[in-house]
Amino acid sequence: MLNAQDIAKRISNPSLSLKEDQQDLKQLAEKYPYSQLFSILYLKSLKQSRDVLFEEELKAHSYRITDRIQLYHLIHEEELEEKLSS
């Protein structure tokens, strides 16, 4: 299970969310449904690991996230960086 320090590190740098964290983040998102933070980190880890559940989980968690622009940037961070560097 992620401890407070691990969660703080992932908040400051969401790309640190690993595939191994997915189950913990999903449990935290379900335990605290009004906290969009855990859903964002969970979705970010799914996207980074190219998990097949990403699209399904995006639909299930997107209603919890108020800032859709921020969600888009977090999820497509790598693609946006590639476009800017080209």
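Located above this text is the structure these notes cover.
Conventions adopted
Residues numbered from 1 in each chain as written. Predicted model: local features only at pLDDT ≥ 70, side-chain atom pairs only at ≥ 80, totals over all residues. Heavy atoms only, no water. Helix = DSSP H or I, 4+ residues; strand = E, 2+ residues; numbered from the N terminus. Phe/Tyr/Trp six-rings, centres within 6.5 Å; stacked < 30°, edge-to-face > 60°. Buried < 20%, exposed > 50% of the residue type's maximum accessible area, 1.4 Å probe, protein only. Arc of directions from axis to C-beta. Contact = heavy atoms within 4.5 Å. Salt bridge = Lys/Arg side-chain N within 4 Å of Asp/Glu carboxyl O.

Colleague: I keep staring at unusual backbone geometry and nothing clicks. Help me out?
Modeller: Here R50, not a glycine, exhibits a phi torsion of approximately 55°, which is positive. Its place among the elements puts R50 in the loop between α3 (36–48) and α4 (54–61).

Colleague: Hey, could you run me through the packing of aromatic side chains in this one?
Modeller: Aromatic ring pairs are reported here in terms of the distance separating the ring centres and the angle at which the planes meet. Per the counting criterion, the structure on display carries one aromatic pair. Relative to F38, the ring of Y32 lies with its centre 6.0 Å away and its plane at 35°, an arrangement referred to as tilted. Residue classification places F38 among the buried residues on the basis of a relative accessible area of 10%.

Colleague: Looking at this model, I keep getting lost on α4. Mind explaining?
Modeller: The α-helix advances 3.6 residues per turn, and as a result positions three or four apart in sequence lie on the same side. Residues F54, E57 and H61 constitute the buried set of α4. Buried residues along α4 cover an arc of 70° about the axis, so they all sit on one side. Facing away from the buried side of α4 by more than 90 degrees, the exposed set consists of E56 and K59. Those residues of α4 hidden inside the fold are in contact with α2 (22–31), α3 and α5 (68–75).

Colleague: Which parts of the structure should I look at to understand the pattern of salt bridges?
Modeller: Note that side chains of opposite charge can pair when their charged atoms are close. In this structure the tally under the stated criterion is four salt bridges. Its salt-bridge partner being E57, residue K26 comes within 4.0 Å of it at the nearest N-O pair. Here K26 is found in helix α2, whereas its partner E57 is found in helix α4, with 31 residues between them in sequence. On the accessibility criterion, K26 (24% relative accessible area) is partly exposed. In this structure, the salt-bridge partner of E77 is K44, at a minimum N-O distance of 2.9 Å. Pair noted here: E77 is in helix α6 (residues 77–85) and K44 is in helix α3, with a separation of 33 residues, a long-range link.

By themselves, these are just geometric observations and shouldn't be taken as functional.
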